[in-house]
Amino acid sequence: MSVLAHSQKRIKKAKVWLISIILLIVLAAIAYTFLYLKHDATMTDVGNRLASPTWGHPLGTDHLGRDVLTRLLLGFRLTVGYSLIALAAAVIIGVPFGLMAGLRGGWVDRLFMRIADGFLAFPDTVIAIVLSGLLGPGIGNLLFAIVLVKWVNYARMVRSTVLTEVQKDYVTIARINGLSTFTIMRKHLLPHIIGNVLVLASLDFGKIILLISSLSYIGLGAQPPTPEWGAMLNESRPYFQANPEMMVYPGLAIVAVVLAANVLGDYLRDKFDVKKEVQP
Amino acid sequence: MILAIEDLTVSHGEKKIVDKVSLTIDKGEWFALVGQSGSGKTMLSQAIGQLLGTNLRASGRIMYQGDNVLEYPKEKMNQLRGKAISYIFQDYHGSFTPFLTIQQHMEEYLQTHGVHQKTQRKEMMKEAMESVGLEASFAKRYSFQLSGGQLQRASIALALLLEPDILIADEATTALDSVSAHRILSLLQDLQQKKGCAILFITHDWRHVVRYSDKIAVMKDGKIIETGTKQKLVHQPEHAYTKQLIQAAPTLPMRIREVSKS
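So, here is what we can say about the structure in this document. Being a predicted model, the structure only gives us computed values, none of them experimental. (Residues numbered from 1 in each chain as written. Chains lettered and ligands numbered in written order. Predicted model: local features only at pLDDT ≥ 70, side-chain atom pairs only at ≥ 80, totals over all residues. Heavy atoms only, no water.)

## Examining the overall build of chain A
In terms of regular secondary structure, chain A is built from eleven helices and zero strands. Helices (α) and strands (β) of chain A occur, in sequence order from the N terminus, as α-α-α-α-α-α-α-α-α-α-α. The buried share of chain A, taken over its 280 residues, is 45%. Of the contacts made within chain A by residues no fewer than 6 positions apart, 69% connect residues no fewer than 24 positions apart. For chain A, the exposed area adds up to about 14700 Å²; of that, 69% sits on carbon and sulfur atoms. (Helix = DSSP H or I, 4+ residues; strand = E, 2+ residues; numbered from the N terminus. Buried < 20%, exposed > 50% of the residue type's maximum accessible area, 1.4 Å probe, protein only. Contact = heavy atoms within 4.5 Å. Areas by Shrake-Rupley, 256 points an atom, 1.4 Å probe, with all protein chains shown as cover.)

## Some points on the sheet that holds strand 3 (residues 30–34) of chain B
Residue and element names in this part refer to chain B. The strand order across the open sheet built from six strands is 6-7-8-3-9-10, with neighbouring strands paired in mixed fashion. Unpaired on one side and paired on the other, strand 6 (85–88) and strand 10 (223–229) mark the two borders of the sheet. Pairwise comparison of adjacent strand axes, ignoring direction, gives a mean angle of 20° for this sheet. Pairing geometry for strand 3 and strand 8 (residues 198–203), over five bridges, is parallel. Counted as the bridge partner of Phe-31 is Leu-200 from strand 8. The sheet contacts of helix 6 (residues 178–195) involve strand 3, strand 6, strand 7 (166–170) and strand 8, and relative to strand 3 the element is tilted by about 140°. (Pairing = 2+ DSSP bridges. Axes fitted to C-alpha atoms, helices over the stretch in contact; angles between N-to-C directions.)

## Quick notes on the nonpolar core
In this structure, Leu-3, Leu-44, Ile-48, Ile-62 and Ile-156 of chain B are the most contacted members of the largest nonpolar core, which totals 146 residues. Not counting residues up to four positions away in its chain, the partners in contact with Leu-44 of chain B are Ile-5, Leu-8, Val-18, Val-21, Leu-23, Leu-33 and Met-219 of chain B. (Core = buried A, V, L, I, M, F, W, Y, C linked by side-chain atoms within 4.5 Å.)

## Points about a negative patch on the surface
Together, Glu-123, Glu-127, Glu-130 and Glu-163 of chain B make up a region of like negative charge exposed at the surface. Position of Glu-163 of chain B relative to the elements: it lies in the loop between helix 5 (148–159) and strand 7. (Patch = residues over 30% accessible without salt bridge, like charges linked within 9 Å, V, L, I, M, F, W, Y side chains within 5 Å. Salt bridge = Lys/Arg side-chain N within 4 Å of Asp/Glu carboxyl O. Lys, Arg positive; Asp, Glu negative; His and termini not counted. Charge placed at Lys NZ, Arg CZ, Asp CG, Glu CD.)

## Overview of the layout of surface pockets
A volume near 1400 Å³ is recorded for the largest pocket. Contributing to the lining of the largest pocket are 40 residues, with Leu-103 and Arg-175 of chain A together with Leu-52, Gly-53 and Thr-54 of chain B lying nearest its centre. Mapped onto the lining of the largest pocket, the elements with two or more residues apiece are helix 3 (68–104), helix 4 (106–120), helix 6 (139–166), helix 7 (169–176) and helix 8 (181–217) of chain A together with helix 1 (41–48), strand 4 (57–64) and helix 2 (74–80) of chain B. Broken down by element, the lining of the largest pocket gets its largest block of residues, seven residues, from helix 3 of chain A. Classifying every residue of the lining of the largest pocket gives 21 nonpolar, twelve polar and seven charged. (1 Å grid on protein atoms, 1.4 Å probe; cavity = no way out; pocket = protein on both sides within 12 Å on 5 of 7 lines; lining within 4 Å. Points joined across faces, edges and corners; volume = space filled by probe spheres on them. Nonpolar A, V, L, I, M, F, W, Y, C, P; charged D, E, K, R; others polar.)

## Quick word on helix 5 of chain B
For helix 5 of chain B, spanning twelve residues, the distance from its first C-alpha to its last is 16 Å, which sits close to the expected 16 Å at 1.5 Å a residue. Burial of helix 5 of chain B is extensive: eleven of the twelve residues sit out of reach of the surface. Regarding helix 5 of chain B, the residues found buried are Gly-148, Gly-149, Leu-151, Gln-152, Arg-153, Ala-154, Ser-155, Ile-156, Ala-157, Leu-158 and Ala-159 of chain B. Buried positions along helix 5 of chain B lie against helix 7 of chain A together with strand 6, helix 3 (102–112), helix 4 (118–131), strand 7 and helix 6 of chain B. (Expected span 1.5 Å × (residues − 1).)

## Examining the interface of chain B and chain A
Each partner contributes to the interface: chain B provides 25 residues, whereas chain A provides 20 residues. Where chain B abuts chain A, roughly 2000 Å² becomes buried across the two surfaces, and 61% of that area is made up of carbon and sulfur atoms. The largest contributions to the chain B side of the interface with chain A come from Phe-99, Glu-108 and Tyr-109 of chain B, which together make up 25% of the buried area. The interface formed by chain B and chain A includes zero salt bridges. The tally of links between chain B and chain A comes to two residue pairs in polar contact (both at pLDDT 80 or more). Every element with two or more residues in the side of chain B that touches chain A is listed here: helix 2, strand 6 and helix 3 of chain B. (Buried area = accessible area lost by both parts, 1.4 Å probe. Polar contact = N/O pair within 3.5 Å; in protein donor to acceptor, adjacent residues only side chain to side chain.)

## Looking at the pattern of salt bridges
Residue and element names in this part refer to chain A. For the structure shown, the criterion picks out 18 salt bridges over all chains. In this structure, the salt-bridge partner of Arg-114 is Asp-117, at a minimum N-O distance of 3.3 Å. Within this pair, Arg-114 and its partner Asp-117 are both found in helix 4, separated by three residues, close to a single helical turn. When its relative accessible area of 32% is taken as the criterion, Asp-117 is described as partly exposed. Asp-117 is the partner of Arg-156 in a salt bridge, and the nearest nitrogen-oxygen pair spans 3.5 Å. Taken as a pair, Arg-156 in helix 6 and Asp-117 in helix 4 lie far apart in primary sequence, 39 residues in all.

## Re the environment of Thr-181 of chain A
When you line up the elements, Thr-181 of chain A lands in helix 8. With a relative accessible area of 37%, Thr-181 of chain A lands in the partly exposed category. Separated by 90 residues in the primary sequence, Thr-181 of chain A and Val-91 of chain A place their C-alpha atoms 21 Å from one another. Non-local contacts of Thr-181 of chain A, meaning those with residues more than four positions away in its chain, are made with Leu-103 of chain A together with Lys-74 of chain B.

## Structural notes on unusual backbone geometry
Residues and elements named next belong to chain B. For Lys-20, which is not glycine, the phi dihedral falls at a positive 45°. For Glu-171, which is not glycine, the phi dihedral falls at a positive 50°. Take Glu-171: it is sitting in the loop between strand 7 and helix 6. Judged by its relative accessible area of 11%, Glu-171 falls in the buried class.

Laid out in structure tokens, this is it:
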């Protein structure tokens, strides 16, 4: 056994997915309960700026004297919350479009596919930058741009799943037995699709966090003083040489959450693998 | 006469897949449609239930109870499906939605066709399972937990659940081994005699045709080239292609017949 295969086996044994679930739950629990009202995330205290860690400020303070830990935890709520909102909106818009395009076919399908091709011709980041640049900076516009970029993926995936499933005899038999298109969609096709959507969504989760953070970092997303992680990175840029820890904290937070989300997505993808699903 | 097809043409663009086919199926008869792959048998059967894809166009008339089924709107067609016309397919594994049990399928179809009482549904399902020789407990299983023969029985139970007038069996036994195939077919014959439904039996296997059918139509390149009773076609075939088909079929040894009876 090669070294690589051996280490992969050991990683599988270690149940990294379980660790990442626990990590996400613990982070969420801390973010939503711990230190709930101890500090105000936007309250400045210029006399105590760039302070070292103390009991009152476990991670020190930033360039305006705000408590870093409080901002970091609020940032978790914001970053994760925003990406969940964007994800939900993309799924809610994408799935019905995909179902319609797959089942109806004809001009509905063709029109939809051309729009999708148009979106897919550019990298996600570029479209998001252009859109939020056009609409003006701000977290609302950024989320709108991200949803507009992401829904296409869901619609395309649902469409292709529908197209392969509709060919199968059980759909024909359901039609023969007089079920309406809507019932077939809901009872015989949707359960197939939900698994795939779940996998794609969990893989996208990390990507969307990165997208929000990176666009906030270049000033197109959340604006100061919002404690969004990307915006925090941006704010601490001028103090990088004297106080590098100001950039390390939000950076590490992003890495941890994105990594956990990706590992979880990979696990779900293996778990929902269609080829393994229908074996006697 | 229960179903009359008059000048049915199914075309894909300019190409005619089924070309001006006419045939009549009488009540309770076993009508065999024979032909090689690509002769248009399946297209013909799908046109009856309005199951053709959007790229195919059917013209002509399919008369059922004095109405042209081809002109039925979608909702009226849905009422007819299952209740009047029912199908069994070759691919028995694909005939069931993988994440629903046999019982869930049956429940759904019964509910769609207006059987709202739970006790009545239960009774009908039990009866349907027993009529095809399956234990009632099998209904609680998923399709991948049954063997091929059991699945084909279950799909017959599902197809006959609402006692349709016509059952269309499209290559229903092609994927089974020959002993199981004969068991399934003799089961179908029993059920046909009990319930009196007509069967449109589509196959390319001449042995099955000779054994079970009442009437035979031979199809080639989208056209029906010869049609008539079994006696006539088997003993006095007129068309050269029919003769060829008969000669190409292997003869059936006696002992397999005995096994299939047991």
